Amino acid sequence: DISKEQDGKLTLILNTKIIPTFSYNLSFLKNLIAVSTIAITLGLKWQDLIDQVKTFTPPSGRCKVYVKNNITIIDDTYNANLASTLASLEYLKAFSNKGRKIFVFGDMYELGDSSKKQHQLVGEKCSELNIDAVFTLGKHSKETNFALNQKNTGHHFISKNDLVKTLKRDIRHGDVILIKGSRGMAMEKVIEEAF
């Protein structure tokens with residue numbers, strides 16, 4: 001079973017054992033279920049498993065969360081495909097805070113003929129989750145912007161410099177910002193320059 005704490009963090013209940021995860025990320029819990037099954041089967045004690053979960057820190061660019069200038073940043077810049085992007089959006093939505101939920105999205109590469117449709121699906125997911133603002137960057141992510149424009153939350157950019165300037169101007173204290181894109185988009189540069 002999975003329960004959500006008041007602060008939005010998820011707790012896993014597995015074989016009647018309560019495992020606090022200190023994470024908002026449902027994908028992390030799915031991985032934790034598999035890891036727990038293997039660990040317990042191999043003889044690891046439940047308390048040792050729980051203690052190890054407490055020490056987990058995601059690697060840089062993989063849903064790493066930090067607060068800078070009272071802005072929560074979710075750095076998921078390592079790479080992007082449709083499944084990981086949709087999961088990251090669910091992760092963003094799970095944050096409980098009073099600020100806005102903002103998605104900064106660079107192109108997903110190597111999608112071939114399905115590129116247009118997959119970028120549109122990201123926009124549709126943003127609309128479904130009522131993401132407060134979506135900033136897209138690149139040639140392909142304009143399809144994401146088109147898919148949500150009826151909600152008037154989208155802002156598309158070709159230039160990384162223009163995106164950074166807009167973020168510096170528009171981001172407010174208390175906002176939670178998810179940054180994601182394919183490796184070739186180097187979206188970590190947006191974090192470095194905007195925040």
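Up top is the structure these notes are about.
Definitions and limits used
- Residues numbered from 1 in each chain as written.
- Predicted model: local features only at pLDDT ≥ 70, side-chain atom pairs only at ≥ 80, totals over all residues.
- Heavy atoms only, no water.
- Helix = DSSP H or I, 4+ residues; strand = E, 2+ residues; numbered from the N terminus.
- Buried < 20%, exposed > 50% of the residue type's maximum accessible area, 1.4 Å probe, protein only.
- Pairing = 2+ DSSP bridges.
- Axes fitted to C-alpha atoms, helices over the stretch in contact; angles between N-to-C directions.
- Arc of directions from axis to C-beta.
- Contact = heavy atoms within 4.5 Å.
- Parallel < 35°, antiparallel > 145°, perpendicular 65-115°, else oblique.
- Nonpolar A, V, L, I, M, F, W, Y, C, P; charged D, E, K, R; others polar.
- Left-handed = near helix turned anticlockwise from the far one by under 90°.

A. Here's a closer look at unusual backbone geometry. In this model, Thr 16 sits at a positive phi of 70°, which is unusual for a non-glycine residue. Checked against the element boundaries, Thr 16 lands in the loop between strand E2 (10-14) and strand E3 (17-23). With relative accessibility at 71%, the residue Thr 16 sits in the exposed group. For Ala 186, which is not a glycine, the phi torsion comes out positive at approximately 50°. Relative to the assigned elements, Ala 186 resides in the loop between strand E9 (176-180) and helix H7 (188-194). The buried category is assigned to Ala 186, whose relative accessible area is 18%.

B. Representation of the sheet that holds strand E1 (residues 2-4) in the model. Pairing is antiparallel across the open sheet formed by 3 strands, whose spatial order is E1-E2-E3. Both edges of this open sheet fall to E1 and E3, since each of them pairs with a single strand only. Each strand axis lies, on average, 25° off the axis of its neighbour in the sheet, ignoring direction.

C. Spotlight on helix H2 (residues 46-55). Along H2, the residues classified as buried are Trp 46, Leu 49, Ile 50 and Val 53. The buried residues of H2 occupy an angular sector of 100° when projected down its axis, which confines them to one face. Set apart from the buried face of H2 by more than 90 degrees, the exposed residues are Gln 52 and Thr 55. Of the surrounding elements, those touching the buried residues of H2 are E2, E3 and helix H1 (26-41).

D. Focus on the environment of Gly 154. The residue Gly 154 is located in strand E8 (residues 154-157) in this model. A sequence separation of 22 residues divides Gly 154 from Asp 132, and the C-alpha atoms of the two residues are 9.0 Å apart.

E. Here's a closer look at the packing of helix H3 (residues 82-94) against helix H4 (residues 115-128). The N-to-C vectors of H3 and H4 enclose an angle of 10°; their axes lie 10 Å apart at closest approach. Relative to H4, H3 is oriented roughly parallel. Across the interface between the two elements, Leu 82, Thr 85, Leu 86, Leu 89 and Glu 90 from H3 touch Gln 118, Leu 121, Val 122, Lys 125 and Cys 126 from H4. Tallied by class, the residues present in the contact of H3 with H4 amount to 6 nonpolar, 2 polar and 2 charged.

F. Quick look at the environment of Ser 141. By the secondary structure assignment, Ser 141 is in the loop between strand E7 (133-137) and helix H5 (142-148). Taking the relative accessible area as the measure of exposure, Ser 141 reaches 0% and is therefore buried. Sequence-wise, Ser 141 and His 156 are 15 residues apart; in three dimensions their C-alpha atoms are separated by 7.9 Å. Look past the residues within four positions of Ser 141 in its chain and what remains in contact with it is Phe 105, Asp 107, His 119, Thr 136 and His 156.

G. The packing of H1 against H2, seen in detail. Axis separation between H1 and H2 bottoms out at 10 Å; the angle between their running directions is 145°. With respect to the hand of their crossing, H1 and H2 are arranged in right-handed fashion. Along the contact surface, H1 presents Leu 32, Ser 36, Ala 39 and Ile 40, while H2 presents Trp 46, Leu 49 and Val 53. Here the contact of H1 with H2 is composed, by residue class, of 6 nonpolar, 1 polar and no charged.

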